Each structure stands twice: as C-alpha cells, then as structure tokens.
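Each chain, letter by letter, is given below.
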Amino acid sequence: MSDNERIETGSDTGRHFLKQWIASEVEAGLSGGEVVTRFPPEPNGWLHIGHAKAICIDFGMAQEFNGTCNLRMDDTNPSKESEDYVEAIKRDVHWLGFEWNRFIYASDFFQTMYDIAEGLIRSGHAYVCELSQEEWREYRGVPTRPGTPSPFRDRPADDSLTLFRRMRDGEFAEGACCLRAKIDMASPNIHFRDPVIYRIMRMSHYRAGDKWNVYPMYDFAHPIEDALEGVTHSMCTLEFEVHRPLYDWVVDRMDEMNLLVVRNGAKVRPQQREFARLNLTYTVMSKRRLLQLVEDGLVSGWDDPRMPTIAGLRRRGYTPESIREFCDRIGVSKFESETELELLEYCIRDDLNRRAQRRLAVLDPLKVVIENYPEDKEEWFEAINNPEDPIAGSRQVPFSRELWIERDDFMEDPPKKFFRLAPGREVRLRYACLFTCTSVVKDENGKVIEVRGTYDPLSGGGNAPDGRKVRGTIHWVSARHAQPLEVRLYDRLFTVADPMADESRDFTTLLNPDSMQVVTAQAEPALATAAPGDGFQFERLGYFCADLYDSKHGAAVFNRTTTLKDSWGKANRP
RNA sequence: UGCCUCAUGGUGUAACGGUAGCACAGCAGUCUCUGGAACUGUUUGCCUAGGUUCAAAUCCUAGUGAGGCAACCA
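Each value, and the rule that gives it
- Residues numbered from 1 in each chain as written.
- Chains lettered and ligands numbered in written order.
- Predicted model: local features only at pLDDT ≥ 70, side-chain atom pairs only at ≥ 80, totals over all residues.
- Heavy atoms only, no water.
- Buried < 20%, exposed > 50% of the residue type's maximum accessible area, 1.4 Å probe, protein only.
- Helix = DSSP H or I, 4+ residues; strand = E, 2+ residues; numbered from the N terminus.
- Pairing = 2+ DSSP bridges.
- Axes fitted to C-alpha atoms, helices over the stretch in contact; angles between N-to-C directions.
- Parallel < 35°, antiparallel > 145°, perpendicular 65-115°, else oblique.
- Left-handed = near helix turned anticlockwise from the far one by under 90°.
- Contact = heavy atoms within 4.5 Å.
- Nonpolar A, V, L, I, M, F, W, Y, C, P; charged D, E, K, R; others polar.
- pLDDT = per-residue confidence, 0-100.
- Salt bridge = Lys/Arg side-chain N within 4 Å of Asp/Glu carboxyl O.
- Polar contact = N/O pair within 3.5 Å; in protein donor to acceptor, adjacent residues only side chain to side chain.

### Notes on the pairing of strand β1 (residues 36–39)
Residues Val36 and Arg38 line one face of β1 and the alternating positions Thr37 and Phe39 line the opposite face, and both faces are buried. Bridge analysis of β1 against strand β2 (residues 68–73) gives four bridges, and the strand direction is parallel. By the bridge assignment, threonine 37 is partnered in β2 with cysteine 69.

### Re the packing of helix α4 (residues 110–122) against helix α6 (residues 157–168)
In the contact formed by α4 and α6, the axes pass within 9 Å of each other and the chain directions differ by 160°. Relative to α6, α4 is oriented roughly antiparallel. The interaxial crossing formed by α4 with α6 has right-handed handedness. Residues Tyr114, Ala117, Glu118, Ile121 and Arg122 of α4 form the contact with α6, whose own contacting residues are Ala157, Ser160, Leu161, Phe164, Arg165 and Arg168. When the residues that make up the contact of α4 with α6 are grouped by side-chain class, the tally is six nonpolar, one polar and four charged.

### So, the confidence of the model for chain A
For chain A, per-residue confidence averages 94 on the pLDDT scale, and residues scoring 70 or more make up 97% of the total. In this model residues 1–11 is a low-confidence stretch, pLDDT under 50, and it forms six contacts with partners more than four residues away in sequence or in other chains. Scoring of the predicted complex yields 0.95 for pTM and 0.97 for ipTM.

### Notes on the pattern of salt bridges
Taken as a whole, this structure holds 47 salt bridges when the rule is applied. The residue glutamate 225 makes a salt bridge to arginine 72 at a minimum N-O spacing of 2.8 Å. Taken together, the positions of glutamate 225 in helix α7 (residues 218–229) and arginine 72 in strand β2 put the pair 153 residues apart, joining distant regions of the chain. Taken individually, glutamate 225 and arginine 72 each receive the classification buried, so the pair is uniform in this respect. The salt bridge partner of lysine 267 is aspartate 255, with a shortest N-O separation of 2.7 Å. Residue lysine 267 is found in strand β10 (residues 266–267), and its partner aspartate 255 is found in helix α8 (residues 244–256); the two are separated by twelve residues along the sequence. Taking the relative accessible area as the measure of exposure, lysine 267 reaches 45% and is therefore partly exposed.

### With respect to the environment of glutamate 336
Within the secondary structure, glutamate 336 sits in the loop between α11 (320–330) and α12 (341–355). On the accessibility criterion, glutamate 336 (44% relative accessible area) is partly exposed. Residues glutamate 336 and threonine 495, 159 residues apart in the sequence, show an inter-C-alpha distance of 22 Å. Sequence-distant contacts of glutamate 336, defined by excluding residues within four places in its chain, comprise Leu238, Ala276, Arg277 and Asn279. At a separation of 3.3 Å, a polar atom in the side chain of glutamate 336 contacts the side chain of asparagine 279.

### A short note on the sheet that holds strand β5 (residues 178–181)
The strand order β4-β5-β6-β7 describes an open sheet built from four strands, whose pairing is antiparallel. Unpaired on one side and paired on the other, β4 (126–129) and β7 (214–216) mark the two borders of the sheet. Each neighbouring strand pair of the sheet contributes to a mean axis angle of 20°, computed without reference to strand direction. As paired strands, β5 and strand β6 (residues 196–200) are joined by three bridges and run antiparallel to one another. Among the inter-strand pairings, arginine 180 is bridged to a residue of β6, identified as valine 196.

Shown next as structure tokens:
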C-alpha cells in the first residue's frame with residue numbers, strides 16, 4: 001500500500017477546503033445525507049490536464065463521501081459544440097479511471113428551462129428586453145457607476161410572455177430582443193444588473209436540432225441543471241466566484257417554484273464553491289489557445305503528444321494513475337498558482353519506474369566492432385525486465401561481434417568524470433560482457449565512425465571474472481539483430497515557463513522548435529512487435545511508448561514520454 | 001477605477017491561538033551491472049506595518065502585491 005495513504009482522524013487536519021466544506025455539511029446532515037457532484041464540460045474542445053484536476057475533484061469528492069458524480073455536457077451554446085467533442089470527453093473521463101453515475105446533456109433540460117423562464121416572467125422576475133446589444137451595454141453601466149433600468153423593465157408580464165413565445169417560435173432576428181432576469185441595476189456585482197438569461201440564436205443544435213430559436217445562458221442554465229440533477233456540491237473554478245450570487249438567485253427561484261429535488265425528505269439546494277484552476281509551466285491551458293494550435297497546424301491535432309490534453313498525454317505515454325497522482329499532489333486551494341511541469345514528469349517517472357519493462361535501444365547509433373569476437377558467433381544473454389518488479393521476469397537479448405552503442409557513450413578525449421567508453425577504457429556492456437576500446441576509425445572529416453576493441457571472454461553476463469571494478473555500464477544492440485525504429489523525441493512545447501506572460505508577444509512565437517525530433521533508433525528485436533500503447537523504459541534513456549496510431553506490428557513507432565533523470569548530462573551540458 | 005478573492009522556501013501545499021512541516025526542484029553524499037531507482041544529509045520561507053493575546057502564519061485594522069468580473073461565451 002502506498003505510504004501516502006490518508007488516515008481519517010475525524011479532524012479536518014490535512015484536508016483541503018472543499019473536503020472540509022463537504023465534510024461539515026455531511027456531518028450536519030444536510031442535503032438529505034447524500035453527496036452528489038457533477039463534472040460539466042462544454043463539448044467545444046478536448047479535455048486537458050486542467051480538466052483532469054477538476055475531474056479528480058468532482059469525482060474524487062463524490063468517492064470520498066460515498067456519493068455519486070454525474071457527467072454532464074454543458075451544451076447550451078450550439079455555435080461551438082459538437083458530438084465529436086462529446087465522444088472525446090467521455091472517452092477521456094473513462095480513461096482517467098472514473099465512472100459517472102448519470103450521463104446527461106444540459107440540452108435534455110431545454111424544455112424545463114424554458115418553462116422555468118416563463119414562470120419567472122409570470123412571477124415578475126424576468127422580462128423581454130428590446131434594447132440592442134450596444135444599448136444594453138450602455139445601460140448596464142460600469143463597475144464604478146450603477147446601471148440604468150431598461151425601458152422595458154416594467155412592461156406587463158403578459159407582454160413579455162407573448163414576446164418570449166414569439167422569440168421561441170423564431171419570429172425575431174438574432175439580437176432583436178432577449179429575456180432578462182429582473183434583479184438589481186444598481187448592484188456592485190455586474191452579474192446582478194438584470195442579466196440576460198435567454199438569447200435568440202437561429203441556429204440548429206447538434207442534438208436538439210432546429211427545435212429551438214432561443215437558448216439559455218450559462219448563469220441561468222447551470223444552477224437549473226444542478227438543481228434538477230439533485231447535485232449537492234457544485235465545484236468550479238475561481239472565475240465563477242462572482243457568479244455565485246446569481247447561481248443562488250436562480251436556485252431560490254426554483255425553490256419558490258417547488259422544483260428542487262427532494263431526497264430523504266429534504267430539499268436539495270445545490271451550492272457552488274470555487275477553486276483555483278491549474279496552471280502548468282511550459283504549456284498553455286485554455287481551450288481557445290489549444291484550438292488555435294490545432295487549427296493553425298502548429299501541432300498534429302488535439303491528441304498531439306506535445307499537447308497538455310488528456311488524449312495528448314495518453315498518446316505521449318502518460319498513465320491514468322500518474323495523472324491522478326499528479327492531481328492529488330498539486331493540492332486544492334483558492335490561490336492562483338503555477339505548478340511546475342517537473343512535478344508531472346516526476347509522477348510519470350515514478351509510476352513507470354515501477355511498472356515499465358526495460359529494453360535496450362540506441363537512439364544515436366555508433367558502430368562497435370569486437371575484434372576478438374568470432375564473426376559468425378552469436379550469444380543470447382539474460383536481461384532483467386524490471387529490477388523494481390521481480391515478477392516481470394527476464395528475457396534473452398542477442399549479442400554478436402558488431403554492435404550499436406550510443407554516440408554519447410563514447411568520447412575520444414574524455415574529461416575526468418566521464419565513466420563511459422574511451423580509448424583504453426573498459427566498460428560493461430549491460431548484461432553481456434566487459435569491453436575495452438583499443439582504437440577508433442574516423443571518416444575524412446575526423447569524425448569517429450567506428451569504435452574497435454576487445455572483450456573479456458571470461459566476463460559473460462557482465463560480471464568481472466576477478467571482481468575488478470568497472471565503473472561504467474552502457475547499453476548496446478547487436479547490429480545483426482537490430483530493428484530500426486522510428487522514435488519521436490518530444491520535449492516541452494514552449495521555450496519559456498509562461499508563454500502568456502508577455503502580452504505583447506503572440507504565444508505561438510514562443511513554441512519550442514525542438515519540441516519534436518524524429519530519429520531512427522536501433523533496438524533489440526523484442527521491441528519491433530510492441531503493441532500500440534505499450535510503454536517501456538529504454539535503459540539509461542527514458543520512457544517510451546508505442547504510438548497509438550502510427551505504430552504497426554513489426555514496424556513500431558515510439559514516442560518519448562520523458563527522459564530519465566540525467567545527472568551527468570545536466571551537469572555537463574553548457 | 002467599483003466589487004469579489006487570494007498571499008507560507010525556487011514551485012506547490014500543510015498548520016485551524018502553543019516547536020513552521022511535507023512533496024517537487026536544487027545541492028552534497030552512500031549504494032549500484034541503468035550517471036536511473038533507492039537511501040542519507042542539506043540550502044532556502046510566514047507580503048509590510050500596527051493592534052488583540054502569556055502566546056499570532058493563524059484573530060482584527062490599514063497598506064502593498066497578485067488574480068477574477070465589466071460576451072446576448074462557458
């Protein structure tokens with residue numbers, strides 16, 4: 001069991017504020033004693049790691065308190081939404097490891113919302129306003145100045161009702177009029193200055209088709225959706241904090257209309273609380289910007305392995321467990337913070353270190369010839385699959401006279417602390433034998449193109465026959481048996497920690513030109529037949545995952561999930 | 001600018017009036033057939049100023065700084 005297992009002490013110690021909030025409500029026996037949450041994405045883009053945080057909170061809180069969580073498409077704006085996004089969202093939530101109780105569309109409630117709107121008109125809480133958008137902006141005022149009431153504010157309910165029905169029936173052009181809640185034009189909270197709750201959109205909805213010519217606004221629709229589903233705790237990000245009074249206002253109206261769900265004899269009043277959204281260094285997180293990267297062809301799609309989308313991370317080789325662990329570690333607070341990418345990388349390394357099988361592959365091959373090894377001989381050495389997991393067993397790796405090694409693992413004129421191969425130096429070829437470099441072959445430009453040397457025939461398996469210390473161990477692949485592999489070396493998407501910090505600069509100019517490098521690697525035979533999605537550690541290099549789409553049986557294509565920590569490389573790079 | 005929110009090492013987060021702790025990152029070391037992992041040690045912090053109190057990161061006041069809102073988006 002993991003060492004960060006939480007101990008429930010009954011005190012609030014160590015619980016984040018949302019957990020404390022829900023816990024205190026549960027203790028007080030509120031909301032009929034059940035906890036119901038919801039994750040309400042708008043199907044207008046793919047989910048990203050920031051949504052993963054919200055998903056972990058929404059579903060996680062429900063789990064924590066033995067409640068349930070609904071997945072709801074917040075599809076009240078037909079101009080941006082589509083079924084494709086719905087499918088991608090469902091798949092990603094599932095993949096992350098969460099099961100929803102109900103799957104719902106906000107659009108399923110359109111009729112009810114409409115009826116509630118008519119109710120509001122009848123009770124004098126709403127009116128049809130014919131101000132143009134510009135006029136409306138003018139009347140609304142600014143934060144420092146109170147707004148001016150619309151001339152239509154006190155029109156008879158019957159007039160509004162008639163007009164609203166005509167709006168619904170498509171008798172008006174978009175923008176001709178709208179339905180507004182009648183609240184308080186002098187409120188310091190702009191959202192209370194008679195907010196628009198229904199607007200005309202002569203647009204067909206991806207699910208509701210052409211049935212509606214009016215669509216509800218978020219501030220009106222969201223609390224209704226929550227209330228109708230019997231949601232008890234509605235958690236969202238900080239920017240909705242100022243909307244909360246309006247949320248409560250709508251819930252009050254529903255209460256008056258007797259529309260709240262009754263559970264175990266108690267009315268369920270949904271309540272909203274807000275937490276800080278996730279910001280991650282070296283990437284961007286807004287759907288709009290991610291969409292721009294996709295549409296401008298700056299990445300290959302929403303699921304490009306460099307994207308912070310859940311689909312991108314999945315394709316990159318991140319596991320659901322690692323993402324959930326990350327969400328657990330970043331914490332929940334109301335402070336607008338910036339989480340370092342390094343923490344995400346730590347989480348996937350930690351997970352894969354324990355689970356991924358090891359393989360030998362060379363990304364930048366340099367030929368090695370073992371002069372005292374017979375031309376036609378070959379041996380198979382035993383290689384451990386995962387030193388962290390004995391159950392993973394071992395496999396056989398072929399060895400022969402000519403090998404590939406990593407170019408970085410050889411230096412003709414090495415510095416003191418270089419433990420790898422150099423003329424006159426002996427290293428261990430992992431799992432195979434001890435090898436000493438005796439000479440090099442260069443091309444006409446003086447570049448080393450071949451390393452030659454001899455092996456110790458008594459060092460089979462890599463053990464020194466006399467117990468002598470060999471400091472360096474390097475990976476290798478038998479040239480004769482090697483499988484060429486396409487490998488995509490991914491790096492951070494942007495060159496700066498916060499691509500949005502400099503507002504005078506278009507963030508796309510800060511894209512990292514080296515965020516993807518494609519190389520042909522030489523790998524041990526077992527790797528050629530990896531199944532799409534399979535993840536491995538290429539020893540001494542990093543974690544790699546067979547691409548979900550481009551990798552074929554016998555012609556694997558690998559994506560680098562992340563490198564191994566490299567204390568040598570880091571210290572010795574300029 | 002009006003209203004709302006927030007402020008603890010480089011980063012993120014704990015503390016709920018009583019010894020400022022944890023993780024990531026960093027640094028140093030041990031060990032090692034991965035310069036990985038593991039293990040050990042370690043640098044760095046309560047935004048400022050007042051007040052309440054025996055005692056303040058915690059409560060109060062003011063200031064400073066950061067974020068949000070001012071779409072017929074969500």
